[in-house]
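The primary structure of each chain is shown beneath.
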Amino acid sequence: PDLSIFWPNDAVQQTVWTWKAGEPRAFDIKLHFDKPVEIKPAVPPDLETLKAQIDALVQPLLDGNWCPGMTIGILNQGQTLVMGFGKTSLEGTGAEPNGDTEYELGSITKLFTKLLLCDEMSRGRMDLGDKAQLYMPSGVTLPTKDGQEITLLTLANHTSGLPRYPDTWDVGNRKRFGHYTMSDLYDYLNHCRLLSDPGEKFLYSNLGMGLLGDLIAQREGQSYETLLNNRLLGPLGLKDTAITWSADQKARGAIPYDGEENPIGFLEWPEPTLMAAGALHSTVNDLLKFAGLVLNKNSLLGSIAFDSNTAKVGWGLIAQHDGYTYGSNSSFYADRQAQK
């Protein structure tokens, strides 16, 4: 059962523990209850109960015009539930979204990039301790700090010291996401400074994850998009998860809007530079299929998504990431222990 622990109001001393991310730490705690506690096994709610709970949470968002619509998918103990709310477009009547509605995933893409790295390691092509500089093209020198170099691990777990975005990237320009060239990136990396020593602290970096995906792709002599399709999306049967939009996927897409309810169109990525940080779009049905693979050690992901290396890059008992693009928000959460 869930437990909440409170410090008593008259406590005169409070201990604070701090430790680095990823460092295991054990605690010996004695719990004293002031009344009898009956421990009962948790009973998963049935789908009808979940539907009622979700309705109550979502309806105020629609009534308040916080968003045109959304789709929610749940996989719980082998049962699935897909619920669509609102509309996919503010133009005309608009269609109600469903499990096949396409949404921009934003940073959920990073989960797939990390899986690509794990696949490279399983093939003996890369290692977490490898210096990232090893895979850079000639003429490009990655920054260092206090003698510490960026490794593939520090790129994967956001401890490289690289900033969130390149200073030369106009983050206010939506189209800049897919138009930042490799030349732009290499010129920036040749001159930028790290914000902290590699491995020292967590600093979320779209730049770092984008670079990681580029290095993996260059290692295999393919584009990131081609490698992702060949290694993961195709074999896993995720037919509606992609970077390039097909005409059919656009027709099923939920239109992104700005704060003034102006349609802003789907993101296009003519340049490969930062694809690995947030270029994917997908459907709830595809993500539910992906979740089922993530939770199953005997699935096609079994050989790359369940070992100690995978855990080091953020694929532990919980596989989770949120995503944001201008006009779209997404979230993926898979609890391997609870199987949901």
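Predicted, not measured: the structure shown is a model, and the values here were computed from it.

Engineer: Quick rundown of the overall build of the chain? Include the residues and the values.
Structural biologist: Each helix and strand in the chain was counted, giving eleven helices and six strands. In the chain, buried positions account for 44% of the 340 residues. Considering only contacts within the chain whose residues lie at least 6 apart along the sequence, 68% involve residues at least 24 apart. Accessible area for the chain stands at about 18,600 Å²; split by element, carbon and sulfur atoms hold 51% of it.

Engineer: Explain the packing of aromatic side chains to me, using residue names and the numbers behind them.
Structural biologist: The full count for this structure, using the stated rule, is five aromatic pairs. Their ring planes at 25 degrees and their centres at 4.2 Å tell us that Trp 245 and Phe 266 sit as a pair that is stacked. Separated by 21 residues along the polypeptide, Trp 245 in the loop between α7 (224–233) and α8 (247–251) and Phe 266 in the loop between α8 and α9 (275–278) bring together distant segments of the chain. On the basis of relative accessibility, which here comes to 9%, the residue Trp 245 falls in the buried class. The buried category is assigned to Phe 266, whose relative accessible area is 16%.

Engineer: Outline helix α1 (residues 47–63), supporting the account with residue identities and numerical values.
Structural biologist: Look at α1: 24 Å from first C-alpha to last across 17 residues, which is about the 24 Å you get at 1.5 Å a residue. At Leu 57, α1 shows its maximal bend, which comes to roughly 25 degrees, and the proline Pro 60 appears one to four places after that position. Of the positions making up α1, those classed as buried are Leu 50, Ile 54, Val 58 and Leu 62. Residues of α1 that are buried make contact with β1 (69–76) and β2 (79–86). In the segment just after α1, Asn 65 is the residue with positive phi, at about 60 degrees.

About the criteria used
Numbering of residues begins from 1 in every chain and follows the order in which that chain's sequence is written. Local features in this predicted model are restricted to residues whose pLDDT is 70 or higher, and side-chain atom pairs enter the listing and the counts only when it is 80 or higher, whereas totals over whole chains, interfaces and linings include all residues. In computing side-chain properties, one takes all heavy atoms of the structure into account and sets aside hydrogens as well as water. Helix and strand assignments follow DSSP, with helices taken as H or I runs no shorter than four residues and strands as E runs no shorter than two, numbered in order from the N terminus. When a residue's accessible area, from a 1.4 Å probe over protein chains only, is under 20% of the maximum for its type it is buried; when over 50% it is exposed; and in between it is partly exposed. Contacts were defined at the residue level, with two residues in contact if any of their heavy atoms lie within 4.5 Å. Computed by Shrake-Rupley with a 1.4 Å probe, the accessible areas treat only the displayed protein chains as cover when residues are assessed. Aromatic pairs are defined between Phe, Tyr and Trp rings, using the six-membered ring for Trp, whenever the two ring centres lie within 6.5 Å; interplanar angles under 30 degrees are classed as stacked, those over 60 as edge-to-face, and all others as tilted. Multiply 1.5 Å by the residue count of a helix minus one, and that product is the helix's expected span. The term bend refers to the angle at a residue between two fitted axes, each drawn through seven residues, those ending there and those starting there.

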